[in-house]
Amino acid sequence: PAYGKPSGERRSFDKPAYGKPSGERRSFDKPAYGQPSGERRSFDKPAYGKPSGERRSVDKPAYGKPSGERRSFDKPAYGKPSGERSFGKPAFDQPSGERRYGKPAPAGSTQEPVETTGLSISARRVALDVLGDVHQNGAFASLSLDGKLREAHLRPEDRRLVTSIVYGTLENEIRIDHALDKLMDHPTQEPVQRDILRMSAYQILFLDRVPDSAACNEGVNLVKAMGMEPAAGFINAVLRNLVRGKETLDEPKREDDLREYLHIMGSMPTWIVDKLIAAYGEEEAEKLIMQRSTEHPIVIRPNLTSMSDDEFAKLLEKKEWRYERGLAPHAFLTYGVQEMTYDKDYQDGHFTIQGQSSMLAAQAVEAKAGMKILDACAAPGGKSAYMCECMQMTGRVFAWELHEKRSLLLEGVKRRLKLDNLRISVRDATEYKQDMDRTLDAVLLDAPCSGLGVMLQKPDIKLRMKEEDVTAIVQIQKNLLETLSSYVKPGGLFVYSTCSILPEENTEQIEAFLQAHPEYTVDPLPESFPEAIRAKQTPLGVQLLSSQDGVEGFYIVRMRRKR
């Protein structure tokens, strides 16, 4: 089974995810340990009948059949404004703006205008292809989305809406499926039709500003464009029934069965519900499961070798970007920025994209001039870069990556940020190297993990991860801890972190490690950490929760080898 950290970055929120022109990604997302980047799990079927590896133009219908009527949607302004949703849910990130639906009928015509969301057939095909890639091939959503958006060359408005539909559908998939299944005597298992129903239902149930009739019309048109015209009547009937009955859906109530309520209404697999309740109690588990973001900022920081935080703030003012300071040192949260990686200052290496929790994990090392540090599972490179910059290009940061393809991401980071003190190697970190025994000032192990701490940013994680995967992940973490602890010299630091919120990957893992290695003790977090986070640390490190701390779910502990 695939396991490990999810990889990639989501630009507009999207480590899914995944794949940026610079090669850099947010550091809380890594692919499964032992899998090449982008490699799919055990799904051999191509999405929607496409041969493996084939890339079909999103402008052409599937199976060589005409898509039928194709009207231009270039004129209407659109972009869904933020606002209230059905079921009391906050709106998924939608740009505000005026919208028009459809075109007026020709003069003298008695035909009523057909309402649309203004989203072109090409854009809808991109959203459908990404959902198919995730469900049929086990792809990471953000990797697939980034690749297909690059191929499609959509307008910025279309790109934003496609991103919203993809992530919103995945975030609420279990709840959507529950509602759809109630409307079908024999729920369809045909993957294309199922995903068309899901993305249409997402718009009907969660986007109040999208006319229900428009969502129905576009679902029907899309199934026709996919060469499945005989199914158009079925799709139309299910969606119309959903529109008529959406206010009276038979959904579980919290007071009747909290576990079932969190499973359906929170769209969370029951095994994750059970683990979170066991770890944090019902109240905190409910907050973690039911939280939704109306806006996903892109977190950036200055290149610490060339610019202070104040100087970087002045640079951002010139760009007229909407931003605010983050919780982590050097973190800036930007909103509504499109194509961040195409910005000239980004490409010139003046700043980089990195999640706040990832910055804190690197900050825990307290890299200083002249040190020798190992970043053992380094790709995509955010933490390696952070430590190189803190050392002001002195010393050495050894960045190891298991897969050669992902090591190219590190090379891209090194070139763009001009990190002369970064040394990159393709290496399995579980294999012991005698010549490095007790030679390093510090080792950072940002370990492969379940990734459940970043479900808010990458909702496909909770759909992909299986309970049995966690056992294998925990064993890999244990092997890495055992091997890498040998490289820290007496008095040196060993920092362990994950983007998980499961105790078996975090506190329980470290408790077992310390029992087996009495030469290590837990050090308090450095004074450079925010006081609110330092106040949360325990004798086994600190567990950050998105529901409490305003950052990605992350675990960080720093251990010092006794002299």
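Use the structure listed above.
Throughout, residues of each chain are indexed from 1 in the direction in which the sequence is written. Totals for whole chains, interfaces and linings use all residues, but because this is a predicted model, local features are given only for residues with pLDDT of at least 70 and pairs of side-chain atoms are given and counted only at 80 or more. The side-chain numbers reported here are obtained from all heavy atoms of the structure, hydrogens and water having been left aside.

Caption draft 1: Region of interest: the packing of aromatic side chains. Each Phe, Tyr or Trp ring, with Trp reduced to its six-membered ring, pairs with another whose centre is within 6.5 Å; inter-plane angles below 30 degrees give stacked pairs, above 60 give edge-to-face pairs, and intermediate values give tilted ones. Summed over the entire model, instances satisfying the criterion amount to 12 aromatic pairs. Judged by centre distance (6.0 Å) and plane angle (45 degrees), the ring pair of tyrosine 323 and phenylalanine 332 falls under tilted. Taken together, the ring pairs in this structure connect Phe312, Trp321, Tyr323, Phe332, Tyr346 and Phe351 into an aromatic cluster. Stacked on the ring of tyrosine 346, the Lys or Arg arginine 416 has its end atom at 3.8 Å from the ring centre. Any Lys NZ or Arg CZ that is within 6 Å of a ring centre and within 35 degrees of that ring's normal is treated as a charge sitting over the ring. In this structure, arginine 427 is placed above the aromatic ring of tryptophan 400, and the distance from its NZ or CZ to the ring centre is 5.0 Å.

Caption draft 2: Just the side chain of glutamine 356, in detail. Only runs of H or I of at least four residues qualify as helices and only runs of E of at least two qualify as strands under DSSP, and these elements are numbered from the N terminus. Mapped onto the secondary structure, glutamine 356 falls in helix H12 (residues 356-363). Residue classification places glutamine 356 among the buried positions, given a relative accessible area of 4%. Contacts were defined at the residue level, with two residues in contact if any of their heavy atoms lie within 4.5 Å. Residues contacting glutamine 356, with those up to four places away along its chain left out, are Val299, Gly326, Leu327, Ala328, Ala331, Leu333, Gly550, Val551 and Glu552. The buried label applies to any residue whose accessible area, calculated with a 1.4 Å probe on protein chains only, is under 20% of its type's maximum; exposed applies above 50%, and partly exposed to all values in between.

Caption draft 3: Region of interest: the sheet that holds strand S4 (residues 351-353). One bridge is not enough; two strands pair if DSSP finds at least two bridges between them. Across the sheet, 4 strands lie side by side as S2-S3-S1-S4; this open sheet has antiparallel pairing. Because the sheet does not close on itself, it has two edges, and the strands there are strand S2 (322-325) and S4. Neighbour to neighbour, the strand axes of the sheet diverge by 35 degrees on average, direction disregarded. Taken together, the 3 bridges between strand S1 (residues 298-302) and strand S3 (residues 332-335) define a ladder with antiparallel strand orientation. By the bridge assignment, valine 299 is partnered in S3 with leucine 333. Axis definition: a line fit to C-alpha positions, over the contact stretch in the case of helices; interaxial angles, taken between N-to-C directions, run 0 to 180 degrees.

Caption draft 4: Just the packing of helix H1 (residues 121-137) against helix H5 (residues 191-206), in detail. Axis separation between H1 and H5 bottoms out at 10 Å; the angle between their running directions is 120 degrees. Compared by their axis directions, H1 and H5 come out oblique. Helix-helix and strand crossings are classified by hand; for H1 and H5 the assignment is right-handed. Taken together, the residues of H5 that come into contact with H1 (itself represented by Arg124, Ala127, Leu128, Leu131, Gly132, His135 and Gln136) are Pro191, Val192, Asp195, Ile196, Arg198 and Met199. Nonpolar residues are Ala, Val, Leu, Ile, Met, Phe, Trp, Tyr, Cys and Pro. Charged residues are Asp, Glu, Lys and Arg, and all others, Gly as well, are polar. Residue composition of the contact of H1 with H5, by class: 7 nonpolar, 3 polar and 3 charged. Orientation categories follow fixed angle ranges, with anything under 35 degrees roughly parallel, anything over 145 roughly antiparallel, 65 to 115 roughly perpendicular, and all other angles oblique. Helix crossings are classified by the rotation of the near helix relative to the far one: an anticlockwise turn of less than a right angle makes the crossing left-handed, while a clockwise turn makes it right-handed.

Caption draft 5: Seen up close, the environment of valine 273. With respect to the helices and strands, valine 273 occurs in helix H9 (residues 270-290). Sequence separation between valine 273 and alanine 285 is 12 residues; the distance between their C-alpha atoms is 7.4 Å. Among residues more than four places away in sequence, those in contact with valine 273 are Arg259, Leu262, His263, Met268 and Ile289.

Caption draft 6: The arrangement of the nonpolar core in detail. Nonpolar core, defined: a set of buried Ala, Val, Leu, Ile, Met, Phe, Trp, Tyr and Cys residues in which side-chain atoms within 4.5 Å join the residues together. Ranked by size, the top nonpolar core spans 67 residues in total, and within it Ile373, Met387, Leu452 and Ile556 carry the most contacts. No other element matches the 7 residues that H9 contributes to this core. Not counting residues within four places of it along the chain, the set of residues in contact with isoleucine 556 comprises Ser357, Leu360, Ala361, Ala364, Val495, Tyr496, Ser497, Leu525, Phe529, Gly541 and Val542. Formed by 50 residues, the second largest nonpolar core is a distinct cluster that contains Leu145, Ile204, Val210 and Ala231.

Caption draft 7: Region of the structure containing helix H6 (residues 212-225). Any helix carries an expected span of 1.5 Å times its number of residues minus one. Given a rise of 1.5 Å per residue, 14 residues ought to cover 20 Å, and the 20 Å separating the end C-alpha atoms of H6 matches this to within 8%. In terms of residue burial, H6 counts as a mostly covered element, since 11 of its 14 residues are buried. Those residues of H6 that sit buried are Asp212, Ala214, Ala215, Cys216, Asn217, Glu218, Gly219, Val220, Leu222, Val223 and Ala225. Summarising the contacts, the buried residues of H6 are in contact with H1, H5 and helix H7 (232-245). Backbone geometry just after H6 places glycine 227 at a positive phi near 75 degrees.

Caption draft 8: Representation of a negative patch on the surface within the structure. Negative charge collects at one region of the surface, where Glu255, Asp256, Asp257 and Glu260 lie side by side. Tracing the backbone shows aspartate 257 in the loop between H7 and helix H8 (258-265). Note on aspartate 257: relative accessible area 39%, which makes it partly exposed. The patches described consist of residues with a relative accessible area above 30% and no salt bridge, like charges being joined within 9 Å and nonpolar side chains (Val, Leu, Ile, Met, Phe, Trp, Tyr) within 5 Å. Using a 1.4 Å probe, accessible areas were evaluated by the Shrake-Rupley method; residue-level cover was limited to the displayed protein chains. Salt bridge, as used here, is a side-chain nitrogen of Lys or Arg placed within 4 Å of a carboxyl oxygen of Asp or Glu. By the counting rule applied here, Lys and Arg register as positive and Asp and Glu as negative, while His and the ends of each chain are not counted. Here the site of a charge means NZ on Lys, CZ on Arg, CG on Asp, or CD on Glu.

Caption draft 9: Highlighting the packing of helix H3 (residues 156-171) against H5. Running from N to C, H3 and H5 point in directions that differ by 95 degrees, and their axes come no closer than 9 Å. In terms of orientation, H3 lies roughly perpendicular with respect to H5. Contacts from Ser164, Ile165, Gly168 and Thr169 of H3 reach H5 at Arg198, Met199, Tyr202 and Gln203. Here the contact of H3 with H5 is composed, by residue class, of 3 nonpolar, 4 polar and 1 charged.

Caption draft 10: Seen up close, helix H2 (residues 141-152). If you check H2, its first and last C-alpha atoms are 16 Å apart, about what 12 residues at 1.5 Å a residue would give, namely 16 Å. Taken as a whole, H2 has its buried residues at Ala141, Ser142, Leu143, Ser144, Leu145, Asp146, Gly147, Lys148, Leu149 and Ala152. As for H2, its buried residues are in contact with H1, H3 and helix H15 (460-464). Note on H2: the residue one or two positions beyond its end, histidine 153, has a positive phi of about 55 degrees.

Caption draft 11: Highlighting unusual backbone geometry. A cis geometry characterises the amide bond from alanine 379 onward to proline 380, with omega recorded as 10 degrees. Relative to the helices and strands, proline 380 is located in the loop between strand S5 (372-375) and helix H13 (382-390). Phi at glutamate 366 is positive, roughly 55 degrees, even though this residue is not glycine. Residue glutamate 366 is classed as partly exposed on the basis of its relative accessible area, which comes to 28%. Of note, arginine 438 is a non-glycine position whose phi angle comes to about 55 degrees, a positive value. Its place among the elements puts arginine 438 in the loop between strand S7 (422-426) and strand S8 (440-446). For arginine 438, a relative accessible area of 47% translates into the label partly exposed.

Caption draft 12: Fine view of the pairing of S1. Judged by how many residues are buried, S1 sits mostly within the fold: 5 of 5 residues are covered. Burial along S1 is two-sided: the face carrying Ile298, Ile300 and Pro302 and the face carrying Val299 and Arg301 are both buried. Note that S1 and S4 share 3 bridges and pair antiparallel. Each bridged residue has a counterpart across the sheet, and for isoleucine 300 the counterpart in S4 is isoleucine 353.

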